[in-house]
Amino acid sequence: MSDTAGVLKPASAAPPMAPRVAHVRRRRHDAPDAWTLELEMADGAPFNYAPGQFNMLTAFGVGEAAISVSGDPAKGPLIHTIRAVGPVSRALTKLAPGDPIGVRGPFGVGWPMAQAEGKDVLLVAGGLGLAPLRPALYRLLGERARYGKVTLLFGARRPDDIVFRREVESWRGRFDMEVEVTVDHAGPEWRGHVGVVTGLISRQAFDPSATIAMVCGPEVMMRFVAMSLVDRGLSEDFIYLSMERNMKCAIGHCGHCQLGPTFICRDGPVFTFTRLNPLLAVKEL
Ligand SMILES: Cc1cc2nc3c(=O)[nH]c(=O)nc-3n(C[C@H](O)[C@H](O)[C@H](O)COP(=O)(O)OP(=O)(O)OC[C@H]3O[C@@H](n4cnc5c(N)ncnc54)[C@H](O)[C@@H]3O)c2cc1C
Ligand code: FES
């Protein structure tokens, strides 16, 4: 896998429509409706991918859904974090250790890790949007000297909705990155920020000419975050967002994920705000 030119190609030579079989190694409950699955490929081969890419996961007998990789691209196992919203995601989150699962991918253009080298990197996540950003964060921390200041701003609905909670706490304890967490609704035990994640942006000191932003979360949150960053002087060309649209083929054939002239599966899911801003008005296809 190479992302040096910002263009990512599947590392596997497997036919793109044929799922490879993997097995669930571990299953962890991460938030009230989200589970993290660790997978190992049945053939034992490593699964190479770049931060921000996604797989089509098959719950056999039910169907397929697009799910971002949420693990560390530098080492196994293959990890996905899934919110149970419909038939496929519900079936995937119920899989137990040892159960088979289909994996087709990796697909898409991921986060601009090469373009981020030498720059300060601002990651802004809303809810489960931290899952597709986590591989980028592992890469930033794993190759720390290549990047400037690293900041994670994370917003969740309630304290219980904070995914990867122990890891977020450990990132907060590091001296080589900054982490701010906010929740929309707090209980009496919460001592952190309360309010939407855009509120954290206004508190941040950053140099817009030296910063690249990677944003993932609900579409409305991403739009407000991007607009706040533009207000703070960041160029739309340096704000990257990861889009979700219903997918079928994931290889640019069926048109299911088409947004104007753009195929989210093939040309994205990560796009600059420059490219996405005119398309964001287009509702779910
Ligand atoms: C590139 C990409 C990456 C993705 N990464 C992840 C990921 O890492 N983890 C993950 O859990 N999901 C992820 N998704 C979303 C996932 O593919 C969808 O939620 C998928 O539709 C689930 O299929 P389903 O059959 O379970 O539900 P569906 O039958 O497709 O949907 C059931 C209901 O849930 C609603 N719904 C669908 N998606 C969402 C959503 N994201 N949030 C809230 N409501 C929704 C639908 O409108 C519908 O009403 C990603 C999608 C894309 C395109
Ligand atoms: S999912 Fe078929 S074209 Fe994108």
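All of these numbers come straight from a predicted model, not from anything done at the bench.

Asker: So what about the domain arrangement of the protein? Which residues, and what values?
Answerer: On domain assignment, one finds that the protein holds domain 1 (20-107) and domain 2 (113-242). If you average the C-alpha positions of domain 1 and of domain 2, the two centres end up 24 Å apart. Listed by partner, the interface residues are 20 residues for domain 1 and 15 residues for domain 2. On the domain 1 side of the contact with domain 2, Pro51, Ser70 and Arg83 bury the most area, a combined 32% of that side's loss. Put simply, domain 1 and domain 2 have 0 salt bridges between them. Across the domain 1-domain 2 interface, the total number found is 2 residue pairs in polar contact (both at pLDDT 80 or more). For the side of domain 1 that touches domain 2, the secondary-structure elements that each account for two or more residues are β1 (20-31), β2 (34-41) and β5 (78-83). Broken down by element, the residue count for the side of domain 1 that touches domain 2 peaks at 4 residues, all from β5. Partitioning the side of domain 1 that touches domain 2 into residue classes produces 9 nonpolar, 6 polar and 5 charged.

Asker: Talk me through the nonpolar core; I want residue IDs and the actual numbers.
Answerer: Counting 36 residues, the largest nonpolar core has Trp111, Leu130, Leu137, Leu152, Phe154, Trp171 and Met214 as its most contacted members. Among the elements of the structure, α2 (113-116), β7 (120-126), α3 (130-142), β8 (150-156), α4 (165-172), β9 (178-183) and β11 (211-216) are those that each provide at least two residues to this core. When residues of this core are assigned to their parent elements, the largest contribution, 7 residues, is made by α3. If we skip the residues at most four places from it in the chain, Trp111 touches Pro51, Gly52, Pro132, Leu133, Ala136, Met214, Val215, Cys216, Tyr240, Leu241, Ser242 and Val270. Core analysis: the next-biggest nonpolar cluster, separate from the first, contains 33 residues, Val124, Leu153, Ile201 and Leu241 among them.

Conventions we followed
- Residues numbered from 1 in each chain as written.
- Chains lettered and ligands numbered in written order.
- Predicted model: local features only at pLDDT ≥ 70, side-chain atom pairs only at ≥ 80, totals over all residues.
- Heavy atoms only, no water.
- Domains from an automatic or database assignment.
- Contact = heavy atoms within 4.5 Å.
- Buried area = accessible area lost by both parts, 1.4 Å probe.
- Salt bridge = Lys/Arg side-chain N within 4 Å of Asp/Glu carboxyl O.
- Polar contact = N/O pair within 3.5 Å; in protein donor to acceptor, adjacent residues only side chain to side chain.
- Helix = DSSP H or I, 4+ residues; strand = E, 2+ residues; numbered from the N terminus.
- Nonpolar A, V, L, I, M, F, W, Y, C, P; charged D, E, K, R; others polar.
- Core = buried A, V, L, I, M, F, W, Y, C linked by side-chain atoms within 4.5 Å.
- Buried < 20%, exposed > 50% of the residue type's maximum accessible area, 1.4 Å probe, protein only.

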